[in-house]
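Spelled out from the first residue to the last, the chains are:
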Amino acid sequence: MASRDWHRTFADKRFFISTSLTLLSHDFLQTAFEDAAMYWTKAMSPLSLQLMLENSCTFGLYIQDEQRDSGGEPAFTQIGIARIITDYVTFAYLTDVYIQADFRALGLGRWLIACCKEVVEDMPELRRFLLLTGSEQAIQFYREQLGMDIFGREAGGLVVMSVRKDNLQAVGRKENTTGPN
């Protein structure tokens, strides 16, 4: 799949989301995987990380730095991630949604999930889009943002949420993820 990019301004700062693997900071990802907010994962070997990324659709969330890089282009620092494990045709599993604590409560999470939704909606024969969560707050969030319902529940409290393509597309109008907000 060709990489896709989205740009927005929040709180007078420029943000950028991209599915380009070349932009992802492996150091950022390893640090995020050790954050208590990502209790389901841990840092991994560089080889395992690379293999995981090559076999996923990964959305990097970046903030534009005040300075420019050596080529005069805007420089970005990674501050978030969302990852979809998918065949790009029939199935998508959302995982590893994370935004650094300093950048939460700016609406970036809703935007990140809207970008994920946009990519999944473009899958021609999507049967199911799902995720796992153990948080009541997350259950409500994914119901609102993606139209997901609880598909199953484990004894330990982990919930499987799922949505089919027609229900995903029915959630509100398709959000404009390309223009400034």
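Small disclaimer: the values here were computed from a predicted structure and weren't measured.

Asker: For this particular structure, what's the right way to read the pattern of salt bridges?
Answerer: A side chain with one charge may pair with a side chain of the opposite charge, provided their charged atoms come close. Across all of its chains, the model carries four salt bridges by this definition. A salt bridge links Glu118 to Arg4, with the nearest nitrogen and oxygen atoms 2.9 Å apart. Residue Glu118 is located in helix H3 (residues 108-121), and its partner Arg4 is located in the segment before strand E1 (5-10); the two are separated by 114 residues in the primary sequence. The class of Glu118 is buried, set by a relative accessible area of 12%. The exposure class of Arg4 is partly exposed, given its relative accessible area of 22%. One salt bridge in this structure joins Lys117 and Glu121, with 3.1 Å as the shortest N-O distance. Taken together, the residues span about one helical turn, with Lys117 and Glu121 both in helix H3 at a distance of four residues. Overall, the relative accessible area of 7% leaves Lys117 in the buried class.

Asker: In this structure, what is going on with the nonpolar core? I would like to understand it.
Answerer: One finds Phe15, Phe59, Leu94, Leu108, Trp111, Phe129 and Tyr142 to be the most contacted residues of the largest nonpolar core, which totals 36 residues. Not counting the four nearest positions on each side in its chain, Tyr142 is found in contact with Leu94, Val97, Ile113, Leu131, Gly147, Met148 and Met161. Counting residues in each nonpolar core, the second largest holds 13 residues, with Phe28, Leu29, Ala32 and Met52 among its members.

About the thresholds
- Residues numbered from 1 in each chain as written.
- Predicted model: local features only at pLDDT ≥ 70, side-chain atom pairs only at ≥ 80, totals over all residues.
- Heavy atoms only, no water.
- Salt bridge = Lys/Arg side-chain N within 4 Å of Asp/Glu carboxyl O.
- Helix = DSSP H or I, 4+ residues; strand = E, 2+ residues; numbered from the N terminus.
- Buried < 20%, exposed > 50% of the residue type's maximum accessible area, 1.4 Å probe, protein only.
- Core = buried A, V, L, I, M, F, W, Y, C linked by side-chain atoms within 4.5 Å.
- Contact = heavy atoms within 4.5 Å.

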